[in-house]
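# Architecture at a glance
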Amino acid sequence: MTDIRLEVSSENSILEIQYDGHELRQPPLSMSEQLSQFARRIDFSAIENGGIDESGSKTGDDTESMEDEEDEEKPCQQPHWPLESVRNKVRNAHTEICVLHDLLQMAKDKRYLVLDPVAAPQHQPKLYIQFLSLKKSLSNASSILMQGAERIRSSQASIARPSSDFHLDLLRLRKNWRLKKVATNIIGDLSYSACGTSFKHNSYFEVTKADDDVALATPLSSLPGSTSSICRSSLRVSVPPELEGSAYIFVCVRKDEEDLCSAQLNMLDGLASVSALPSTSSSSEHWQQKLENAQNVLFCKELFSQLAREAVALKMDIPPLVVANQITATIFPGIHLLIAFCHSHPDSSRSRSSLTAPNNVLSNGIINGLSGSTGSSGGITATAAEQQPPQSAGSAALGSGVASLKNLHDKVLEHSLHQLFHNFLRSSSPMPHPVYAPLHAHPVRRVAGPNGLDRQELMQTVVHETLLEQIIKEAQHNFLRLRTMYVIDQLAKELKDPLILSHWNLFNSPTQSCVRINIVTQGYDSVIRTTLVVHVYERSLRCVCRDGRVMTLSFEPQELLNLLRCQVAQHQTAAVQSFSKLMGWAVNSSEPCLGVGAAEPLGSASAVVLTSPTGNKQILVRSGPCTGVSVSVATAPRNDFYPSAVVHERRWDQLPGAWQEVRLDSMEGRNFLAKIELLMAALTAQN
């Protein structure tokens, strides 16, 4: 027969069956509930009464006799207490705890019992093993220190005396320069062909191995990250003779024989880095510095060639003039822009410079004189003496003033020109190849048909400014900005009352600047403030006045000077008119363009008439751009008033008499409004 195994179902019991047939089952028991359930099934009374056969060696006779005795004793025993087994276990645990407490107290007090540890047998130490372990540890530590010292020594030796390995130097050369092997020669390229240039010039250099006995000793400072002064290289670089030396593009704005502002352009840090080693020949020059100088010469030649081609094709009222290595363009009447290519060759016979007159070379941001002699290396030598040509009256004084500011603003023109050249190189670089996407037309040309554009409008979409035109515009703006700055500063020095404050915007474009001019009176700036905003372009000025009028001025400085003088004159009358309200005086009339009285040589005068609170005193203030400010006072013949059949009001009886001019220079007060305040207070007190 097969056994039938009965197991408890793993499902929980059903507590309730709802009307919709959903069964609610009892949740599974937790660990503590299961433990308590199992504990209920243990019969502790059977264990206490000896119901379990511990020895397992009792015979059947003994068992029967014990059962008989139990049956005889059962009627005489009392019933067991339900928690008697629990009480017995607690009593046994209490007894054991008491015994443990007595033992611990005896071991602690050491009165009846002493517990001593059993001494383990001591082994005799082996000194030889300790010595070997110490020796091994010291050898490991010394090897680590020696390896670190060797690394430091090798790094210092490589810095102080770079390795003369030809292949290592060639690897360094390939990191920055393009090389290729032609037969048995190594040829490099200095041109900007990767940027899309089409300048045809010999730009190849040859790399050879230097002999050990003729190793080059050059300044190591030319290598990036070097700190030593002497190094040896196993490479020898041969560049074309026309690319040796140093070169730069000199840009200068000149009036007559005086330089107003100038800048220099090259691929290096400036003339200071080129002239740092005047006695260094090309044979003792490191290959990195030699290649950088050669590429700088190539860059300057390509840039000047591009500018010369554009100057020949440029159509202006006065065409640019290209002579030798100099381009001359007229930006304003009497103001010329000079662009020169200066090349200093180690061989003095090859040195080329188109600027031979004094005041032509910029050295470290200052325009210095150029002497006709050359140094030992064939470079151009600059003198520190700066010539000051005689100036004429009128506009010549403005030119001399602009020249006094050239040392402060040469870097502005240089920075803007560098930005222009970088943008030109970035825009002229070709697209990455291969190009799979189709080249679309200009967005304006795509909508030319629906918008109905004519041929002239279409041609404007493909017309771009040349590099020379952009340089001329930046030079025009730079000169006009300097001239505007000088006119404002000179007028601020000339006029002590009111004060003229100018704030130039730092965020300007290379062809547009903005200045905010505030005209205030010292101590009364909260009463009135006249604000004027001037936008400086290439050949014009755009002025926005306080009343919202917009005026466009030409590049002539006299127009800006006239406008500022007129604004100062109007500020005086407006200040008096605003201040009279604080003093309680009434404004009878105000005329910004006065048509009576003496005519002003420039512009028109403005006037304002004020009346005292009582009406018997009047003040006339007249302000002109050239004549200045004049104040007159009129007083009524009498102070009393008697109404009559003809005159009913007091104002018609107290008509002012003759006007008397006030001598402002004899009055106390630090400025014009302070004197007007004292005058109003005195006339009001007389009432």
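Let us look at the structure shown here. Remember, predicted model here, so these are calculated numbers, not experimental data.

This brings us to the environment of S344. Within the fold, S344 resides in strand β13 (residues 335–344). Once the C-alpha coordinates of S344 and V297 are considered, the two residues, 47 residues apart in sequence, prove to be 9.5 Å apart.

Our focus in this paragraph is helix α4 (residues 84–109). Every α-helix winds through 3.6 residues per turn, so residues three or four apart in the chain are directed the same way. For α4, which comprises 26 residues, the first-to-last C-alpha distance of 38 Å matches the rise-based estimate of 38 Å (1.5 Å per residue) to within 8%. Where α4 terminates, the next one or two residues include K110, which has phi positive at roughly 55°.

Here the focus is the sheet that holds strand β12 (residues 326–332). Read across the sheet, five strands follow the order β10-β9-β13-β12-β11 without closing on themselves; strand pairing throughout is antiparallel. Only two strands of the sheet have a single neighbouring strand rather than two, namely β10 (258–265) and β11 (321–323). Shown here is a sheet whose adjacent strand axes are inclined to one another by a mean of 20°, direction ignored. Here 10 bridges tie strand β9 (residues 246–255) to β13, and the two strands are oriented antiparallel to one another. Counterpart to V253 in the pairing with β13 is L337. Lying over the sheet, helix α8 (residues 287–313) contacts β9, β10, β11, β12 and β13, oriented at roughly 40° with respect to β9.

This part takes up unusual backbone geometry. Along the chain, D497 connects to P498 via a cis peptide bond; the corresponding omega equals 0°. Mapping P498 onto the fold places it in the loop between α14 (467–494) and β17 (499–504). Of note in the backbone geometry, A183 takes a positive phi value of approximately 60° without being a glycine. You can call A183 exposed: its relative accessible area is 66%.

Moving on, we get to the side chain of R622. Structurally, R622 can be placed in strand β24 (residues 617–624). For R622, a relative accessible area of 18% gives the class buried. Not counting chain neighbours up to four residues away, the residues in contact with R622 comprise L594, V596, A598, E600, A605, S606, A607, T627, G628, V629 and S630.

Core analysis: the largest hydrophobic core is formed by 74 residues, its most contacted members being I249, L291, L337, I471 and I517. Top contributing element to this core by residue count: α8, with 12 residues. Filtering out sequence-adjacent residues up to four positions away, I471 remains in contact with L307, L337, I339, L417, L420 and F421. Counting residues in each nonpolar core, the second largest holds 21 residues, with Y524, F579, L610 and I619 among its members.

What follows covers a nonpolar patch on the surface. Residues Y128, I129, F131 and L132 make up a contiguous nonpolar surface patch of about 450 Å² in total accessible area. With respect to the element layout, F131 can be found in helix α5 (residues 127–160).

Before going further, it helps to examine the pattern of salt bridges. A full pass over the atoms with the stated rule returns 10 salt bridges. Residue R622 pairs with E600 through a salt bridge whose shortest N-O separation is 3.6 Å. A residue pair is termed long-range when its members are at least 10 positions apart, and R622 in strand β24 and E600 in the loop between β22 (586–591) and β23 (606–611) qualify at 22 residues. Each member of the pair, R622 as well as E600, is classed as buried.

For a regular strand, side chains alternate in direction, first toward one face of the sheet and then toward the other. With eight of its eight residues buried, β10 lies for the most part within the structure. Pairing of β9 with β10 involves seven bridges; the strand directions are antiparallel. Residue I249 lies in a different strand from β10, and its bridge partner there is L265. Hairpin connection, β9 to β10: the antiparallel pair is bridged by two residues, and D256 has positive phi, about 60°.

Before going further, it helps to examine helix α17 (residues 672–685). A rise of 1.5 Å per residue sets the reference length of α17, with its 14 residues, at 20 Å; its end C-alpha atoms lie 20 Å apart and thus fit the reference within 8%. Tucked into the core, α17 has its buried residues touching α15 (557–583), β23, β24, β25 (628–635) and β26 (660–662). Measuring from the backbone nitrogen of A674 back to the side-chain oxygen at the start of α17 gives 2.9 Å, which picks out N671 as the cap.

The rules we used
- Residues numbered from 1 in each chain as written.
- Predicted model: local features only at pLDDT ≥ 70, side-chain atom pairs only at ≥ 80, totals over all residues.
- Heavy atoms only, no water.
- Helix = DSSP H or I, 4+ residues; strand = E, 2+ residues; numbered from the N terminus.
- Expected span 1.5 Å × (residues − 1).
- Pairing = 2+ DSSP bridges.
- Axes fitted to C-alpha atoms, helices over the stretch in contact; angles between N-to-C directions.
- Contact = heavy atoms within 4.5 Å.
- Buried < 20%, exposed > 50% of the residue type's maximum accessible area, 1.4 Å probe, protein only.
- Core = buried A, V, L, I, M, F, W, Y, C linked by side-chain atoms within 4.5 Å.
- Patch = residues over 30% accessible without salt bridge, like charges linked within 9 Å, V, L, I, M, F, W, Y side chains within 5 Å.
- Areas by Shrake-Rupley, 256 points an atom, 1.4 Å probe, with all protein chains shown as cover.
- Salt bridge = Lys/Arg side-chain N within 4 Å of Asp/Glu carboxyl O.
- Polar contact = N/O pair within 3.5 Å; in protein donor to acceptor, adjacent residues only side chain to side chain.

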